[in-house]
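# Structural characterization, general
This is what each chain is made of:
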Amino acid sequence: MKGDCERPLESNSSSENQSKGLLICWAQMKETLNEATIAFLRKIYREFYFEHGDTIDFPDQIQSREFGYIPFGGGMVRHLSFKSAGEAKAEILRQSPSSVYASNARYLAPTMPMEEKGWQGAELIFDIDATDIPTPCKKSHDLWYCGRCHATGRLPKPATCPKCEGPTAEFHGTCGVCLLASKEHALRVIDFLTEDFGVPKGEIRAYFSGNRGYHLHVYDDRFYKLDQTGRAEVADYMLALSLPPSQSIASLLKRRPASPPGSTYGWMKRITSFTQAKADYPGTMQKLVSEALSSQRALIDASVTTDIHRVFRLAGTLHGNTGMAKMRVKSFDTFDPEKDPVVLSAEQTKVKASFCPKFSIHGETFGPFKSETVSLPTYAAISILTRGFGEVA
Ligand SMILES: [Zn+2]
Ligand SMILES: [Zn+2]
């Protein structure tokens, strides 16, 4: 649990800690979203689903998936199921919720409590999010804020506000550097899958999460029945957590630099290709091995891959905080995460902002705002309204 309001919404875990985080977060928001703001947000989301409902990308075997949603100003509703995409679409339009989710798992009885659902298997999923990648720009756009007096400061977040002892929360911004880092790590996962696990490229589907990262869904049947332990091993492999210490690898490479054992596949192949290409490296072999690891390991959120009972934001639906769409990425070369997922109107919306840190969307920067009424494109106003930083004027 990262203590991040947005994070549990990204991909909801079944674990108690995660749902607790979710509830605390939404309890805070409930107090701040007034009726008019909720009505406005629902109207905007409903208009989107009315016009673009057909682009929602439902999973196959829809009747065996668990669905869930979070209404604006409310808590998570889970354990739903639909017989068809048409039925699901009608409900999404009717609710026009803040977030819509579906399970990667298939169940015999998706509406039953978790232990009675009858788990049949689940696609393997990877979550790559800028939150997990130590980009140097975080200092400039991530901060904690006080829900009461709006004091702000650099992370880590204090338990309570040092000025007024009010409740504190984290705010994570996004920038081009973070989005590029997420893409780089998503490409690393794809490289592991295709090169080391032999997954055909056509069986990997990439999606932009609607916020700061990517989800990769793997449709290779070999992973379908894999349990939590097996999935944890896959995640550990990509994070380079299952390797011997870099010191041991370095001494092995020093002893047999031309052909260390196991160097024809997997991590050892990756490490030896890297070290052999840097024959005149000035530092120690151990340092070079560490570089080989850090330049190739994929900083995925292992807890997402491991949790086989999770629900994920449904592709083609809007993110509950940003108003951006979770959408399929057909080509990382041409996909623009700053522009393509911005699907709401540019029509001006007047917002009475009580407080909002600086944020970026559509490649433009807005704020910071403090006790002022501002007119913004609707796609930007959403970020202020959904977080309870302001209300419709
Ligand atoms: Zn305070
Ligand atoms: Zn950044």
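Described in the following lines is the structure provided in the data block. (Residues numbered from 1 in each chain as written. Chains lettered and ligands numbered in written order. Predicted model: local features only at pLDDT ≥ 70, side-chain atom pairs only at ≥ 80, totals over all residues. Heavy atoms only, no water.)

## What to know about the layout of surface pockets
Short version of the rule: Using only the protein atoms, space was sampled on a 1 Å grid; points where a 1.4 Å probe fits but cannot get out form cavities, open sets with protein on both sides within 12 Å along at least five of seven lines form pockets, and lining residues are those with an atom within 4 Å of a point. Grid points are joined across faces, edges and corners, and a volume is the space filled by probe spheres set on the points. What counts as a helix is a DSSP run of H or I of at least four residues, what counts as a strand is a run of E of at least two, and both are numbered from the N terminus. Residues are grouped as follows: nonpolar covers Ala, Val, Leu, Ile, Met, Phe, Trp, Tyr, Cys and Pro; charged covers Asp, Glu, Lys and Arg; every other residue, Gly included, is treated as polar.
Volume-wise, the second largest pocket comes out at about 280 Å³. Taken together, 13 residues form the lining of the second largest pocket, with Ile-190, Lys-201, Ile-204, Lys-330 and Phe-332 sitting closest to its centre. Listing elements by their share of the lining of the second largest pocket, those giving two or more residues are helix H6 (176-196), strand S11 (204-208) and strand S14 (327-329). Per element, the largest residue contribution to the lining of the second largest pocket is four residues, and it comes from H6. The class makeup of the residues in the lining of the second largest pocket is six nonpolar, two polar and five charged.

## Brief notes about the sheet that holds strand S10 (residues 168-172)
One key point about sheets: their strands pair by backbone hydrogen bonds, in either a parallel or an antiparallel sense. Put simply, the rule is: Note on pairing: DSSP must find at least two bridges between two strands before they are called paired.
A sheet is described by the order of its strands in space; here three strands give the open sequence S9-S8-S10, paired in antiparallel fashion. Of all strands in the sheet, those bounded by a partner on one side alone are strand S9 (152-153) and S10. When strand S8 (residues 142-146) meets S10, the two strands line up antiparallel, connected through five bridges. Across the sheet, Asp-142 pairs through a bridge with His-172, a residue of S10.

## With respect to the coordination of the zinc ion (ligand 1)
Note the threshold: Metal-coordinating donors are taken as N, O and S atoms lying within 2.8 Å of the metal, or within 3.2 Å when the metal is Na, K or Ca; because water is left out, some sites can appear incomplete. In this scheme the shape depends on donor count and angles: four donors with every angle between 85 and 135 degrees give tetrahedral, four or six donors with opposite pairs above 155 degrees and others between 65 and 115 give square planar or octahedral in turn, and any other case is irregular. Only protein chains enter the accessibility calculation, which uses a 1.4 Å probe; a residue is then buried when its area is under 20% of its type maximum, exposed when over 50%, and partly exposed in between.
Listed as protein donors to the zinc ion (ligand 1) are Cys-146 (SG), Cys-149 (SG), Cys-161 (SG) and Cys-164 (SG); their distances from the metal cover 2.2 to 2.4 Å. Coordination at the zinc ion (ligand 1) comes from four donor atoms whose angles at the metal span 100 to 114 degrees, giving a geometry best classed as tetrahedral. Mapping the donors of the zinc ion (ligand 1) onto the primary sequence gives the spacing C-x2-C-x11-C-x2-C. In this structure Cys-146 comes out as buried when scored by relative accessible area, which is 0%.

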